[in-house]
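# Notes for the structure review
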Amino acid sequence: ATVGRRSSAIAAMSSTARASHALCARTCRFLSGRTASRPSSSSASLKGARAAAAAERAGGSPAHRGPGRRGWQWRAVRARLDVAVRPDTYRQELDVKIERARSHFAAAPAPAPTPEVPHPKPLDEIHLPPTEVHESARSNFRMRAEFRVWHDGDRSYLAMFDSDDPKTPIEVPSFPMGSEKINELMPAFIEEIGRSEVIRRKLFQVNFLTTMKGDALISMLYHKPVKTDEWEREAEEMRQRLGVSIIGRSRKQKVVLGNDYVMEEIEVDGRVLTYKQLEGGFTQPNAGISAKMLEWARSAAVSDAVSDAVGEAPAPARRSDDLLELYCGNGNFTIAMAPVFRAVLATEVSKVSVAAARLNADANGAGNVAFARLSSEELTLALDAGKRFSRLDDVPPLESYDLRTVLVDPPRAGMGEEVSEFVSRFDRIVYISCNPETLAADVRTLRDTHEVARFAAFDQFPYTPHLECGALLIAKGR
């Protein structure tokens with residue numbers, strides 16, 4: 001509803017929906033053109049409204065009209081609490097995020113000097129192809145969520161906090177962004193802890209981890225020891241009633257009732273892939289978008305052309321060369337990419353992630369994959385200087401690989417200059433990014449050797465300022 005129709009819309013809501021709406025209203029304005037620096041007007045331009053609303057949802061000052069090329073500019077903003085979904089304005093909000101992501105590749109004046117770069121140069125424009133847009137489901141897209149458990153006398157409820165008032169809990173009776181399973185479990189969980197003072201006492205946080213097929217794990221965090229016969233007995237009864245796995249955590253204690261993982265199934269190019277997702281480990285929160293990212297990466301590995309039907313076309317043909325993957329995590333991309341290449345060498349620094357990746361490779365019959373617990377710098381030494389690492393003992397000889405394609409999925413800081421220089425030797429770079437700004441910086445580092453052939457946007461986090469991107473870079477003059 002627009003601002004002008006908000007009162008009548010709220011009146012028609014259920015009590016649960018009104019609570020969610022009130023929570024949203026405290027922290028953001030709707031996409032209506034009404035901002036702190038602009039009058040409310042139905043004739044306000046939609047683009048200006050998009051910019052203002054998106055910036056305000058991120059917190060701090062709104063976007064402002066200015067001398068920028070498109071009539072508005074972005075200010076640094078701060079994230080705030082917002083759990084509402086807005087299907088009617090979903091695509092408009094996504095378009096704002098895509099435009100902002102692409103703006104990082106535009107020409108810009110030289111940044112301010114720093115001790116590391118005392119004489120920075122202006123930023124030249126990087127040509128981008130049209131964006132391949134991958135939309136999320138409008139609601140129930142998050143497979144995991146965490147809440148504080150707040151106690152008010154005999155009553156307990158799930159809560160979040162507004163960054164403007166971080167000491168005041170805001171009750172969250174439902175979570176429209178969360179999966180259907182999370183929303184099913186939220187009231188049932190509150191009812192369960194109300195039955196047992198043993199379960200309820202000193203409980204301060206709960207985490208939900210779910211899958212698209214309905215598997216679920218609940219982690220409960222305590223300010224008291226959980227390894228007691230009484231707690232385990234009552235928690236087991238609760239687990240049986242809810243039909244989930246339960247983990248109790250307190251200082252230096254962890255009690256697992258059921259499993260400490262969930263099994264996710266994701267269909268990629270017509271094939272169902274199985275992933276073991278560990279409690280406390282990293283997983284993609286939006287499973288639907290994760291499937292689209294995997295299909296796009298497979299397509300980008302073999303095709304320079306933009307596909308209008310990624311996921312509907314036949315699975316990519318198998319290449320005759322090999323893939324190097326950096327930052328492989330639990331093997332999310334590794335498993336999907338394995339059928340496209342003769343062999344895959346995947347690297348990751350986390351011992352826990354490498355162990356999970358090996359389990360996922362075995363579960364999916366990915367026999368052509370080898371995992372190495374190495375940093376990018378160590379891999380460079382192994383490939384270029386022949387340095388031996390004991391962690392490579394179970395990996396085929398590096399000289400046996402024909403590595404022409406590299407897939408990178410770095411943290412928000414991006415690859416940086418050293419890793420960018422390393423990957424510049426590859427004909428094909430498939431880059432998955434959770435930060436368009438550092439993606440643009442890395443692409444600029446590679447501009448002398450590579451050009452962007454494909455560019456994709458994946459709305460992993462709808463209704464927030466965050467956007468994941470994919471870029472295919474191909475070597476010039478290959």
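Basis of the calculations
- Residues numbered from 1 in each chain as written.
- Predicted model: local features only at pLDDT ≥ 70, side-chain atom pairs only at ≥ 80, totals over all residues.
- Heavy atoms only, no water.
- Pairing = 2+ DSSP bridges.
- Helix = DSSP H or I, 4+ residues; strand = E, 2+ residues; numbered from the N terminus.
- Axes fitted to C-alpha atoms, helices over the stretch in contact; angles between N-to-C directions.
- Contact = heavy atoms within 4.5 Å.
- Polar contact = N/O pair within 3.5 Å; in protein donor to acceptor, adjacent residues only side chain to side chain.
- Phe/Tyr/Trp six-rings, centres within 6.5 Å; stacked < 30°, edge-to-face > 60°.
- Buried < 20%, exposed > 50% of the residue type's maximum accessible area, 1.4 Å probe, protein only.
- Salt bridge = Lys/Arg side-chain N within 4 Å of Asp/Glu carboxyl O.
- Core = buried A, V, L, I, M, F, W, Y, C linked by side-chain atoms within 4.5 Å.
- Expected span 1.5 Å × (residues − 1).

### Looking at the sheet that holds strand β4 (residues 144-152)
If you walk across this open sheet you meet the seven strands as β6-β5-β4-β7-β8-β9-β10, and the pairing is mixed. Pairing within the sheet leaves two strands with one partner each, and these edge strands are β6 (165-171) and β10 (253-257). Strand-to-strand twist in this sheet, taken as the mean axis angle between neighbours without regard to direction, amounts to 30 degrees. Bridge count between strand β8 (residues 216-222) and strand β9 (residues 245-250): five bridges; the pairing is parallel. Paired with Leu-221 across the strands is Arg-249, a residue of β9. Strands β4, β5 (155-162), β7 (203-210) and β8 of the sheet are contacted by helix α5 (residues 180-195), whose axis makes an angle of about 150 degrees with β7.

### Quick notes on the side chain of Thr-334
Note on placement: Thr-334 falls in helix α9 (residues 332-337). Of the polar contacts made by the side chain of Thr-334, one reaches the side chain of Glu-325; its length is 2.5 Å. Setting aside its immediate chain neighbours within four residues, Thr-334 contacts Glu-325, Cys-328, Val-344, Ala-346, Val-369 and Phe-371.

### Here's the deal with the packing of aromatic side chains
Following the criterion strictly, the structure yields 10 aromatic pairs and no others. Ring centres 5.5 Å apart and planes at 90 degrees place the aromatic pair Phe-147 and Phe-175 in the edge-to-face group. Within this pair, whereas Phe-147 is found in strand β4, its partner Phe-175 is found in the loop between β6 and α5, the two being separated by 28 residues in sequence. On the basis of relative accessibility, which here comes to 5%, the residue Phe-175 falls in the buried class. Aromatic pair Trp-296 and Phe-458: ring centres 5.9 Å apart, planes at 75 degrees, arrangement edge-to-face. Highlighted residues: Trp-296 in helix α8 (residues 287-302) and Phe-458 in strand β18 (residues 450-458), separated in sequence by 162 residues. Here the aromatic residues Phe-147, Phe-175, Phe-189 and Phe-208 are joined through ring pairs into a cluster of three or more.

### Here's the deal with the pattern of salt bridges
Taken as a whole, this structure holds 26 salt bridges when the rule is applied. When the shortest N-O distance is used, the salt bridge between Arg-195 and Glu-191 registers 3.8 Å. Here Glu-191 and Arg-195 lie together in helix α5, a separation of four residues that amounts to about one turn. Linking Asp-269 and Arg-298 is a salt bridge whose minimum nitrogen-to-oxygen distance equals 2.7 Å. In this pair, Asp-269 is assigned in the loop between β11 (261-268) and β12 (271-278) and Arg-298 in helix α8, connecting sequence segments 29 residues apart. Linked by salt bridges that have partners in common, Arg-91, Asp-95, Glu-135 and Arg-138 make up one network.

### Looking at the nonpolar core
The biggest cluster of nonpolar side chains holds 76 residues, and the ones touching the most others in it are Phe-147, Phe-189, Phe-208, Ile-218, Met-220, Trp-231 and Val-423. Counting residues per element, this core draws most heavily on α5, at five residues. Once residues within four sequence positions are removed from consideration, Phe-147 is found in contact with Leu-158, Ala-159, Met-160, Val-172, Phe-175, Met-186, Phe-204, Gln-205, Val-206 and Phe-208. Core analysis: the second largest hydrophobic core is formed by 37 residues, Met-337, Val-340, Val-344 and Leu-407 among them.

### A word on the pairing of β11
Alternating positions in β11 separate cleanly, Val-262, Glu-264, Ile-266 and Val-268 being buried on one face and Tyr-261, Met-263, Glu-265 and Glu-267 remaining unburied on the opposite face. With antiparallel pairing between neighbouring strands as the criterion, β11 and β12 make up a hairpin whose turn holds two residues, including Asp-269 at a positive phi of roughly 50 degrees.

### Some remarks on α5
Here α5 spans 24 Å end to end across 16 residues, near enough to the 22 Å set by a 1.5 Å rise per residue. Among the residues of α5, Lys-181, Ile-182, Leu-185, Met-186, Phe-189, Glu-192 and Ile-193 are the ones counted as buried. Those residues of α5 that are buried are in contact with β4, β5, α6 (197-200), β7, β8 and α7 (229-242).

### Examining the sheet that holds strand β15 (residues 369-372)
In any sheet, the strands associate via hydrogen bonds between backbone groups, in a parallel or an antiparallel arrangement. Pairing within the open sheet is mixed, and its eight strands lie in the order β3-β18-β19-β17-β16-β13-β14-β15. Unpaired on one side and paired on the other, β3 (131-134) and β15 mark the two borders of the sheet. Sheet twist, expressed as the mean angle between neighbouring strand axes with direction ignored, is 20 degrees. Bridge count between strand β14 (residues 343-347) and β15: four bridges; the pairing is parallel. Its bridge partner being in β15, Leu-345 is matched across the sheet by Ala-370. Running at roughly 165 degrees to strand β17 (residues 428-433), α8 makes contact with β3, β16 (403-408), β17, β18 and β19 (468-475) of the sheet.

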